[in-house]
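Breakdown of the fold
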Amino acid sequence: ATLQNVSQAPLKRHGRRLPAVEVMGSLLREDRPAPKSSDGTISATELSVQTPDLSASPPNSLRFRNAPLGLELRKLTRSGVRASVFSLCSSAVGSGCLTLPHAIMASGLGVSLVMLATSSALTFLSALQLVRCSASLRARTSPITTSPAPVPTWAPLLESACGARSGAIVDLILAVFGFGVVVLYFSFIGDFLASLFSSVVAGSHARWPFICGSLVVTIAMGFPNDLGALRYASVFIIGVLVILSLTSWAALAWCSGLKAEPVVWIESSPKGALQSFCTFIFTQMIHLNLFTVFESLSPPHAWSPRSLHPRATADSDRMQNIILFAVMTNMLINLNLALPGYLLWRSNTKQDYILNFTEDACPVWIIYAIRAVEVLLALITACGIPINLVPSRQGLVRLIRRCMPADSPDPFEGITLRLLLTVVICTALCCIAIAAGGAVNDIINILGGTLSTLLMFVLPALFYWKSGLDADRPKLRLLSYFGFMLGTLAGFGGMMLTVIGKFTG
């Protein structure tokens, strides 16, 4: 009788009919027990009380009257879907996008467009399979009748595939990769501010004072353990990159550059093609923060249709949407930064194409705009450091914890030790960035060809194989393995050619 009453008065949200099965499904969630009356049966009245009001407007929202499609502006909630998309995008694109025009010059415009599309598709495939493997392991370790287990991250996935002691390997990889990205960002800060200061005060100036000066900001922002606290910094990073892309397109129309040179579509250089792939892979690398976002994802809102689903199912579905939006956003940002930069400077494109903008080639107002963008880039790079520093420090802490007794408390939960560890890490990486000089492209090629390849292709292929997913769909399984193999060969191949080129001159 209860099912019949619900089916006769189905809920609606924005004109969409919700079936009674979904309404009853909300009662089967692990965190929402079914209400019972005195005789032990479920009454329709009590059922309506427990059912979320999907027709209500979300809290903290701004609804526009007579707006098409019921347009609403909602507050950027901590660890929500939109904040998670921004976090993944900002951890991938960042200042590394400034090397993309140089990557196009090394491989040709046509080859680079293929590399961009391929790297985006492989990034989506890899991240999607990682989330599916994590959800599969979570379902196996968490019975339906209990609360969902914590999200299995890199270490539990590797331990389930290769044994209990193997988790330390992936923690080490995550820490080293994140620290390498932080070194790269420190180098960008030095380049931006030294170039800006040289344009104001005549003469060349050293990079190290600006890199050391950025420690104050990076240590303060890298202290929290939750990426949700940095959600507005992520929005700021994406906004600055959009401004930079618009400025680059304007410079293409007004600067002289080398637009008279022919566009090179295919550069006959396998080394350039593989290095271009490594660069695009590096700027699509959302995997470092993937599980950090997954395990901190907030529950669905009461007004959301996904609140009717079990929490584990809702989180997995939302993560798939987050990955899709993040990959598409990264691809659009990369395309709109790489194209105008290469088409303007062509064969003279530098590793950091911002350094190509000079008063001899561009109008004064473009130079002023670029200098303002350089200040913003220095700020977003300082914001990007903690976004990559937090998961790397967590990986280092997990390594330290493995050397301690299992029942001992985590000493880094306290403020003092965590602050001291953050200061030591940032200071050490700052010194490495000063010693590395301006070898930005080489750092990207090595990171993209080694650790990015391991995290994006090798380990996901291993997890996918051990999980048994898609065993009844051999064609899909074969296609996934082909994508993993293609990314692995291209990544390691580009890294080897970079190293060989350094030793052979």
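Everything quoted here is computed from the prediction, not taken from an experiment.

A word on the state of the cysteines
Note: disulfide means a covalent bond formed between the sulfur atoms of two cysteine side chains. Applying the stated criterion across every chain yields a total of 1 disulfide. Between the sulfur of C255 and that of C362 lies a disulfide, 2.2 Å long from S to S. An S-S torsion of about 120° defines the bridge between C255 and C362 as right-handed. Within this pair, whereas C255 is found in the loop between α11 (231-254) and α12 (270-282), its partner C362 is found in the loop between α14 (311-345) and α15 (364-402), the two being separated by 107 residues in sequence. Accessibility classification places C255 together with C362 in one group, the buried group. Free of any disulfide, C212 has its nearest cysteine sulfur in C430, 4.0 Å distant.

What to know about the nonpolar core
Within the largest apolar cluster, 116 residues are counted, with the highest numbers of intra-cluster contacts made by W154, F177, F186, M319, F357 and L377. With 15 residues, the top contributor of residues to this core is helix α8 (residues 167-200).

Here we look at the packing of helix α6 (residues 109-141) against helix α7 (residues 154-162)
Where α6 contacts α7, the two axes come as close as 11 Å, and the packing angle between them is 70°. Taken as axis vectors, α6 and α7 run roughly perpendicular relative to one another. Taken together, the residues of α7 that come into contact with α6 (itself represented by L130, C133, S134 and L137) are W154, P156, L157 and S160. When the residues that make up the contact of α6 with α7 are grouped by side-chain class, the tally is 6 nonpolar, 2 polar and no charged.

Points about the packing of aromatic side chains
Scanning all chains against the criterion turns up 9 aromatic pairs. Pairing W154 with F291 gives two aromatic rings, centres 5.4 Å apart and planes at 85°, and the pair type is edge-to-face. In this pair, W154 sits in helix α7 while F291 sits in helix α13 (residues 290-295), placing the two residues 137 residues apart along the sequence. Between W345 and F357, the ring centres sit 5.3 Å apart and the planes meet at 90°, which makes this aromatic pair edge-to-face.

A short note on unusual backbone geometry
A positive phi angle, near 50°, is found at R346, a position not held by glycine. When you line up the elements, R346 lands in the loop between α14 and α15. Even without being a glycine, D470 presents a positive backbone phi close to 60°. Mapped onto the secondary structure, D470 falls in the loop between α18 (451-467) and α19 (474-504). Classification of D470 as buried rests on a relative accessible area of 6%.

Regarding the pattern of salt bridges
Within the structure shown, the criterion is met by 11 salt bridges. D171 is paired through a salt bridge with R398; the nearest N and O atoms lie 2.9 Å apart. Separated by 227 residues along the polypeptide, D171 in helix α8 and R398 in helix α15 bring together distant segments of the chain. In this structure D171 comes out as buried when scored by relative accessible area, which is 0%. Residue R398 is classed as partly exposed on the basis of its relative accessible area, which comes to 32%. E374 is paired through a salt bridge with R371; the nearest N and O atoms lie 3.2 Å apart.

Here we look at helix α16 (residues 415-436)
The α-helix winds at 3.6 residues per turn, so residues separated by three or four positions along the chain end up facing the same way. End to end, α16 covers 31 Å across 22 residues, agreeing with the expected 32 Å (1.5 Å per residue, within 8%). Within the sequence span of α16, burial applies to R418, L421, T422, I425, C426, L429, C430 and A433. With its buried residues spanning 160° around the axis, α16 presents them on a single face. Turned more than 90 degrees away from the buried face of α16, the exposed residues are T416 and A435. Looking at the buried residues of α16, the elements they touch are α8, α9 (208-213), α10 (215-221) and α15. Trailing α16 by a residue or two, G437 shows a phi angle of about 70°, which is positive.

Concerning the side chain of D171
Side-chain polar atoms of D171 contact the side chain of R398, separated by 2.9 Å. If we skip the residues at most four places from it in the chain, D171 touches A155, G395, R398, L399 and R402.

Criteria and thresholds
- Residue positions are given per chain, counted from 1 along the sequence in the order it is written.
- A pLDDT threshold of at least 70 governs which residues receive local features in this predicted model, and a stricter bar of 80 or more applies before side-chain atom pairs are shown or counted, although totals over entire chains, interfaces and linings include all residues.
- Side-chain measures were taken over the full set of non-hydrogen atoms in the model, leaving aside hydrogen atoms and water.
- Sulfur atoms of two cysteines make up a disulfide when they are within 2.5 Å.
- Note on conventions: DSSP H or I runs of at least 4 residues are helices, E runs of at least 2 residues are strands, and numbering of each starts at the N terminus.
- Here's how the labels work: a residue is buried when its accessible area is under 20% of the maximum for its type, exposed when over 50%, partly exposed in between, all with a 1.4 Å probe on protein chains only.
- Joining through side-chain atoms within 4.5 Å is the link that ties buried Ala, Val, Leu, Ile, Met, Phe, Trp, Tyr and Cys residues into a set, and such a set is a nonpolar core.
- Only the stretch in contact is used when a helix axis is fitted, and all axes are lines through C-alpha atoms; the angle between N-to-C directions ranges over 0 to 180 degrees.
- Orientation is classified from the angle alone, with under 35 degrees giving roughly parallel, over 145 giving roughly antiparallel, 65 to 115 giving roughly perpendicular, and any other angle giving oblique.
- Two residues qualify as a contact provided that any one of their heavy atoms is within 4.5 Å of a heavy atom in the partner residue.
- All amino acids are sorted into three groups, where Ala, Val, Leu, Ile, Met, Phe, Trp, Tyr, Cys and Pro are nonpolar, Asp, Glu, Lys and Arg are charged, and the leftover types, Gly among them, are polar.
- Two rings from Phe, Tyr or Trp (for Trp, the six-membered ring) form a pair when their centres sit within 6.5 Å of each other. Planes less than 30 degrees apart are called stacked, planes more than 60 degrees apart edge-to-face, and all others tilted.
- Salt bridge, as applied in this entry: a Lys or Arg side-chain nitrogen positioned within 4 Å of an Asp or Glu carboxyl oxygen.
- Multiplying 1.5 Å by the helix residue count minus one yields the expected span of that helix.
- This arc is built from the directions going out from the helix axis to the C-beta atoms.
- We define a polar contact as two N or O atoms separated by no more than 3.5 Å, with the added condition that, inside protein, one atom must be a possible hydrogen donor and the other a possible acceptor, whereas residues neighbouring each other in sequence contribute only through side-chain atom pairs.

Treat this as a map of the structure, not an account of what it does.
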